[in-house]
Amino acid sequence: MPDQCGDCHARAEALQSEVAGGGLITIQLNGEPREIPDGLTLAGLIDWLKLPADRVAVERNLEIVARGDWQQTPIQAGDRLEVVQFVGGGSAF
């Protein structure tokens, strides 16, 4: 997945004081190390990444997480997340 938020690190630093914990943690996001604000849930991460929640699926540590569980699923340092964004399209027949 291409980096859709080129300034995520700057936004993470700006959000430090607004998020519980106040610091940054490192996770694996789609196979790449990424620093994010500490205290985010999966729902908060999707919002922070500015992804459309109704068009993504999330796998956390090799388990798919139901959308209904995102709000209460905290992200912890070292978590391995795969976020897949669905795109529409098709061909004219």
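Preceding this section is the structure that the text describes.
Since the model is a prediction, treat every value here as computed from it, not as a measurement.

## Describing the pairing of strand S5 (residues 80–85)
Walk down a regular strand and you will see the side chains alternate between the two sheet faces.
So, point 1. Summarising the sheet, strand S1 (residues 24–29) and S5 pair through two bridges and their orientation is parallel. Counted as the bridge partner of Leu-29 is Leu-81 from S5.
So, point 2. Pairing of strand S3 (residues 56–60) with S5, which is carried by five bridges, proceeds in the antiparallel orientation. Paired with Val-56 across the two strands is Gln-85, which belongs to S5.

## Here we look at the nonpolar core
So, point 1. Of all hydrophobic cores here, the largest spans 19 residues; its most connected members are Ile-36, Leu-45, Trp-70 and Ile-75.
So, point 2. With five residues, helix H2 (residues 42–48) is the single largest residue contributor to this core.

## Looking at the environment of Ile-75
So, point 1. Within the element layout of this structure, Ile-75 appears in the loop between strand S4 (63–65) and S5.
So, point 2. C-alpha of Ile-75 to C-alpha of Thr-26: the two residues are 49 residues apart in sequence and 9.9 Å apart in space.
So, point 3. In this view, Ile-75 contacts Ile-25, Ile-27, Ile-36, Leu-40, Thr-41, Leu-42, Leu-45 and Leu-81; residues no more than four positions away in its chain are not counted.

## Observations concerning the side chain of Asp-79
So, point 1. Its location among the elements puts Asp-79 in the loop between S4 and S5.
So, point 2. Apart from residues lying up to four places away in sequence, Asp-79 is in contact with Ile-27, Gln-28, Arg-60, Asn-61 and Pro-74.

Criteria and cut-off values
Residues numbered from 1 in each chain as written. Predicted model: local features only at pLDDT ≥ 70, side-chain atom pairs only at ≥ 80, totals over all residues. Heavy atoms only, no water. Pairing = 2+ DSSP bridges. Helix = DSSP H or I, 4+ residues; strand = E, 2+ residues; numbered from the N terminus. Core = buried A, V, L, I, M, F, W, Y, C linked by side-chain atoms within 4.5 Å. Buried < 20%, exposed > 50% of the residue type's maximum accessible area, 1.4 Å probe, protein only. Contact = heavy atoms within 4.5 Å.

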